[in-house]
Amino acid sequence: MSKSEQLEQIASEVRVCTACLLSRGRTNAVPGEGPADAAIMFVGEAPGFHEDQQGRPFVGAAGRFLEELLASIGMTREQVFIANVIKCRPPANRDPLPEEIVACQSFLDRQLEIIRPKMVVTLGRFSMARFFPEARISQVHGQARRFEGMVCYPMYHPAAALHQPSLRRVVEEDMARIPELLGSTDQITEYEPPPQAEQLKLF
Ligand code: URA
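Here the structure is a predicted model, which means the values were calculated and not measured. (Residues numbered from 1 in each chain as written. Predicted model: local features only at pLDDT ≥ 70, side-chain atom pairs only at ≥ 80, totals over all residues. Heavy atoms only, no water.)

Considerations on the site of the ligand
Here comes step 1: The immediate surroundings of the ligand are formed by Gly44, Glu45, Ala46, Glu51, Pro57, Phe58, Asn84 and His157.
Here comes step 2: Contact distances for the ligand include 2.7 Å between an oxygen atom and a backbone N or O atom of Glu45.
Here comes step 3: Here a nitrogen atom of the ligand sits 2.7 Å away from a polar atom, N or O, in the side chain of Asn84.
Here comes step 4: A breakdown of the residues in the shell around the ligand according to their chemical character gives 3 nonpolar, 3 polar and 2 charged. (Near = heavy atom within 4 Å. Polar contact = N/O pair within 3.5 Å; in protein donor to acceptor, adjacent residues only side chain to side chain. Nonpolar A, V, L, I, M, F, W, Y, C, P; charged D, E, K, R; others polar.)

And the structure:
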C-alpha cells in the first residue's frame, strides 16, 4: 500500500470508530487531511462544531487564523498535513478526557509513523502533551526539540490567540520561525524534561 492509501485506511477506520463515547455524539469524525509526503504536520486538539459538521480539521475561525498564519510563511493548508489528538468533537467543545485521548492515540501515532514529517507543530497543550507531557506551554512554545526521532515545535493553539489578543503576536512570531527551523533541523537538540519531572521519576 502507498502512504496515501495507508492514510486513507486510517481515515476509514476513524470514520467508523466506536472506541469511546464521543462516537455517539458526532456528526462526522475528523481523521485529518493533507499530503502523505508533507514536510510539516500540524496537530490540534479536537474537532469543534464546524469540523464535526464537515468532517475536516480546522475549518472554523481557528482554521481561518491557521490559514492566515500559514500564508504569512508563504504556505497553504494544502501543503501541510493537519490532524488532531482526538478525532471526534467533545460535547460543547470541552477539554478531551484522558480516556478519550488514550482511545484515539493509535490513530495519531500511525499517522505520524506514515508521514514522518520533518517537523510536527503541536497546537495547544493537549497536542504538546503527546510529545512533552511534563512541559508547560508558556515555557516551551516556540522552541523546537527532537523527540523519538521527530522534530517537535510547540505553539499555542490559534483559538487561544483569538480569545486572548495578547497571545496573537506570540503565535505570529512562533510561526514566523518555522521556515528557518525547517532548514536547520539537524541542529535541533533532544528534548530534556524539566529537572522537576526528572526528580519525580525517582520516586
Ligand atoms: N481546533 C482544533 O484543535 N482542531 C480543529 O480541527 C479545529 C479547532
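Picking up where we left off.
A closer look at the sheet that holds strand β5 (residues 150-155)
Here comes step 1: Strand order across the open sheet formed by 5 strands is β2-β1-β3-β5-β4, with mixed pairing between neighbours. Both outer strands of the open sheet, β2 (81-84) and β4 (145-147), are each paired with one neighbouring strand and no more. Along the sheet, successive strands turn relative to each other by an average axial angle of 30°, direction set aside.
Here comes step 2: Where strand β3 (residues 119-123) lies against β5, 4 bridges are found, and the strand directions are parallel. Bridge assignment links Val120 to a residue of β5, and that residue is Cys152. (Pairing = 2+ DSSP bridges. Helix = DSSP H or I, 4+ residues; strand = E, 2+ residues; numbered from the N terminus. Axes fitted to C-alpha atoms, helices over the stretch in contact; angles between N-to-C directions.)

Considering the pairing of β2
On a regular strand, each side chain points to the face opposite its neighbour's, so the side chains alternate between the two faces of the sheet.
Here comes step 1: Residues of β2 alternate between two faces, with Phe81 and Ala83 on one and Ile82 and Asn84 on the opposite face, all of them buried.
Here comes step 2: Note: strand β1 (residues 40-44) against β2, 4 bridges, orientation parallel. Looking across to β2, one finds that Gly44 is bridged to Asn84. (Buried < 20%, exposed > 50% of the residue type's maximum accessible area, 1.4 Å probe, protein only.)

Some thoughts on the packing of aromatic side chains
In this description, a pair of aromatic rings is defined by centroid distance and the angle of the planes.
Here comes step 1: Here the structure, examined in full by the defined rule, presents 4 aromatic pairs.
Here comes step 2: Their ring planes at 85° and their centres at 6.4 Å tell us that Phe131 and Phe147 sit as a pair that is edge-to-face. Within this pair, whereas Phe131 is found in helix α6 (residues 125-131), its partner Phe147 is found in strand β4, the two being separated by 16 residues in sequence.
Here comes step 3: Owing to a relative accessible area of 1%, Phe131 belongs among the buried residues under this scheme.
Here comes step 4: Aromatic pair Phe132 and Phe147: ring centres 6.0 Å apart, planes at 75°, arrangement edge-to-face. Of this pair, Phe132 sits in the loop between α6 and α7 (137-140) while Phe147 sits in strand β4, and the two are 15 residues apart along the sequence. (Phe/Tyr/Trp six-rings, centres within 6.5 Å; stacked < 30°, edge-to-face > 60°.)

Quick word on the state of the cysteines
Here comes step 1: Here the structure, examined in full by the defined rule, presents 0 disulfides.
Here comes step 2: Cys17 forms no disulfide, and the closest cysteine sulfur to it belongs to Cys104, at a distance of 6.3 Å.
Here comes step 3: Residue classification places Cys17 among the buried positions, given a relative accessible area of 17%.
Here comes step 4: The thiol of Cys152 is unpaired, and the distance to the nearest cysteine sulfur, on Cys104, comes to 18 Å.
Here comes step 5: With relative accessibility at 1%, the residue Cys152 sits in the buried group. (Disulfide = S-S within 2.5 Å.)

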